[in-house]
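Summary of the model geometry
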Amino acid sequence: NSNVLQPAIHPANTSASQCFFSQPRRLTTMFAHALRQAARRSVPTATPASSFQSRYFHITPAALEKLNVTGLADKVNLSGQNVLMRVDLNVPLSKEDDVTVTDDTRLRAIVPTTKYLLEKGANVILCSHFGRPKGEIIETGKNGRLNPVVEPLKALLGVDIKKMDDCMGEEVEAAAKELTTGDVMLLENTRFYAGETKNDPELAAGLGKLADYFVMDAFGTAHRAHSSTAGVAEHMKLSAAGFLLDKELKYLKGAVDEPKRPLCAIIGGAKVSTKLPVIESLIEKCDSILLGGGMIFTFYRALGYDVGKSMVEEEYIELAGRLMKLAEEKGVKLMLPPDVVLADKFAEDANTAIAKSNEISGDWMGLDIGPETLELFTEEIGRCNTIVFNGPMGVFEMKPFATGTTTVAQLMAEATDRGATTIVGGGDSVAAVNQAGLGSRVSHISTGGGASLELLEGKELPGVAALSEA
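Values in this document were obtained by computation on a predicted structure and should not be read as measured data.

1. Section: helix H11 (residues 317-330)
Its 14 residues place the ends of H11 20 Å apart at the C-alpha level, agreeing with the 20 Å of an ideal helix rising 1.5 Å per residue. Of the residues flanking the end of H11, it is Gly331, one or two places downstream, whose phi is positive at about 75°.

2. Looking at the nonpolar core
In this structure, Leu84, Ile125, Leu187, Leu207, Phe219 and Leu245 are the most contacted members of the largest nonpolar core, which totals 39 residues. With 6 residues, helix H8 (residues 243-257) is the largest single contributor of residues to this core. When sequence neighbours within four positions are dropped, the list of residues in contact with Leu207 reads Leu84, Cys127, Cys167, Met168, Leu187, Ser227, Ser228, Val232 and Met236.

3. Topic: the pattern of salt bridges
Scanning the model with the defined rule gives 23 salt bridges in all. Close ionic contact of Arg441 with Asp417 constitutes a salt bridge, the shortest N to O distance being 2.4 Å. Within this pair, whereas Arg441 is found in the loop between helix H14 (427-435) and strand E16 (444-445), its partner Asp417 is found in helix H13 (residues 403-417), the two being separated by 24 residues in sequence. A residue is classified by how much of its surface remains accessible, and Asp417, at 48% relative accessible area, is partly exposed. Through salt bridges with shared partners, a single ionic network connects Glu139, Arg145, Lys163, Asp165 and Glu188.

4. Comments concerning the sheet that holds strand E7 (residues 238-241)
If you trace the 6 strands from one edge of the open sheet to the other, you get E4-E5-E3-E2-E6-E7, paired in parallel fashion. Each edge of the open sheet is held by one strand with a lone partner, namely strand E4 (162-163) and E7. The pairing of E4 with strand E5 (residues 184-186) spans 2 bridges and is classified as parallel. Residue pairing in the sheet places Lys162 in a bridge with Met185 of E5.

5. Quick look at the pairing of strand E11 (residues 339-343)
Extensive coverage of E11 is indicated by the burial of 5 of its 5 residues. Burial along E11 is two-sided: the residues Asp339, Val341 and Ala343 and Val340 and Leu342 are all buried. As judged from the 5 bridges shared by E11 and strand E12 (residues 352-356), these two strands associate in the antiparallel manner. The partner of Asp339 across the bridge, within E12, is Lys356. As defined by bridge partners, E11 adjoins strand E13 (residues 365-369) across 4 bridges and the pair is classed as antiparallel. By the bridge assignment for E13, Ala343 is matched with Met365.

Calculation rules
- Residues numbered from 1 in each chain as written.
- Predicted model: local features only at pLDDT ≥ 70, side-chain atom pairs only at ≥ 80, totals over all residues.
- Heavy atoms only, no water.
- Helix = DSSP H or I, 4+ residues; strand = E, 2+ residues; numbered from the N terminus.
- Expected span 1.5 Å × (residues − 1).
- Core = buried A, V, L, I, M, F, W, Y, C linked by side-chain atoms within 4.5 Å.
- Buried < 20%, exposed > 50% of the residue type's maximum accessible area, 1.4 Å probe, protein only.
- Contact = heavy atoms within 4.5 Å.
- Salt bridge = Lys/Arg side-chain N within 4 Å of Asp/Glu carboxyl O.
- Pairing = 2+ DSSP bridges.

See below:
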């Protein structure tokens with residue numbers, strides 16, 4: 001395979017990190033069949049990031065097809081109008097009291113759109129889910145009422161917030177009618193209704209009675225066809241993307257559909273089953289794809305290598321081989337790590353060694369990419385002008401196996417500094433970049449795990465499809 005960088009090793013100590021990515025696209029029949037047979041795991045939602053540099057980005061026309069909030073304000077005088085705004089207030093709470101918000105990143109993320117609507121004189125009705133109550137009314141905790149976010153939101157927005165105990169019904173409708181210019185109302189957890197996640201038309205209609213206009217700003221749930229993300233739009237005069245969603249569409253869709261080449265994707269993750277559809281799609285778009293994380297060992301098996309006790313998904317070995325062949329046929333450089341960091345157990349105090357990828361054996365397991373790999377990745381990333389990074393390179397939560405991920409994060413920052421467009425998506429890769437203090441040095445950090453993956457795969461997101469045309 002001329003375009004597949006064959007796994008090449010040295011013994012010594014280094015570091016590693018784990019990885020995630022998710023959801024399928026236009027799969028072949030074989031992909032679809034295999035994925036149906038395999039149990040899937042959900043991908044953690046990405047944490048919002050601090051800043052992006054739009055000067056490095058060339059927006060594709062495809063990213064501008066949907067109405068955004070500024071376009072809505074141009075079309076309609078919003079003064080005194082009720083605007084229902086779907087946001088993501090799914091914040092972590094303190095384990096000590098189940099009330100204190102421990103990370104307000106998602107709260108801060110909704111501020112620009114909310115303040116913009118208030119400046120236009122709109123009455124803003126905020127709508128969000130909170131945890132997974134599965135149709136039950138739970139008073140407190142991660143799956144409970146949205147009460148814990150009220151005070152933090154008041155402080156961030158600088159306005160009072162009228163909190164409701166339901167998200168639809170006569171009482172909520174009456175309160176919505178009484179809103180006056182500049183008021184903010186917060187509806188109760190939408191998932192107290194079991195129909196929310198099934199796009200229940202009754203709940204969508206109930207939400208639709210509260211406003212004439214809808215703004216979708218919860219990118220992390222845009223890949224779900226829920227009542228509050230998609231169904232509700234059918235009951236609105238106009239529906240638009242908020243600033244957060246609009247930025248995600250422009251970056252993720254624009255970077256892959258109309259990139260400044262060469263385009264490189266760095267894909268990590270523990271499970272190859274969640275990555276195959278994404279890799280298949282990216283082979284059609286990328287100049288090079290760099291692979292890392294636990295998924296690489298399934299590819300090694302496809303090459304006939306022994307991988308010791310490293311993680312392998314046996315049912316995907318054949319498909320991994322097909323992907324390598326597809327990349328070769330398309331002339332895409334698919335780079336597998338030539339060396340890996342090994343451990344004799346899955347623990348921070350494990351004995352470690354560096355080995356060539358075709359020389360792993362016995363009870364050793366691979367937990368990070370090796371130094372030779374990082375040299376090759378450094379060279380490849382250095383020549384690319386658009387770089388997408390999703391999924392850590394090893395078990396970065398353990399210090400001895402974090403070098404691969406933290407080095408790639410540093411390379412992303414350096415690429416941004418020289419003018420490349422750099423995009424980070426996926427819970428663990430985002431956490432790694434922020435942990436390294438490099439969040440402000442990449443062009444864009446995606447706020448959605450599964451949503452960003454489906455967008456990269458070329459899927460249409462229900463929460464975006466439901467919006468009005470620009």
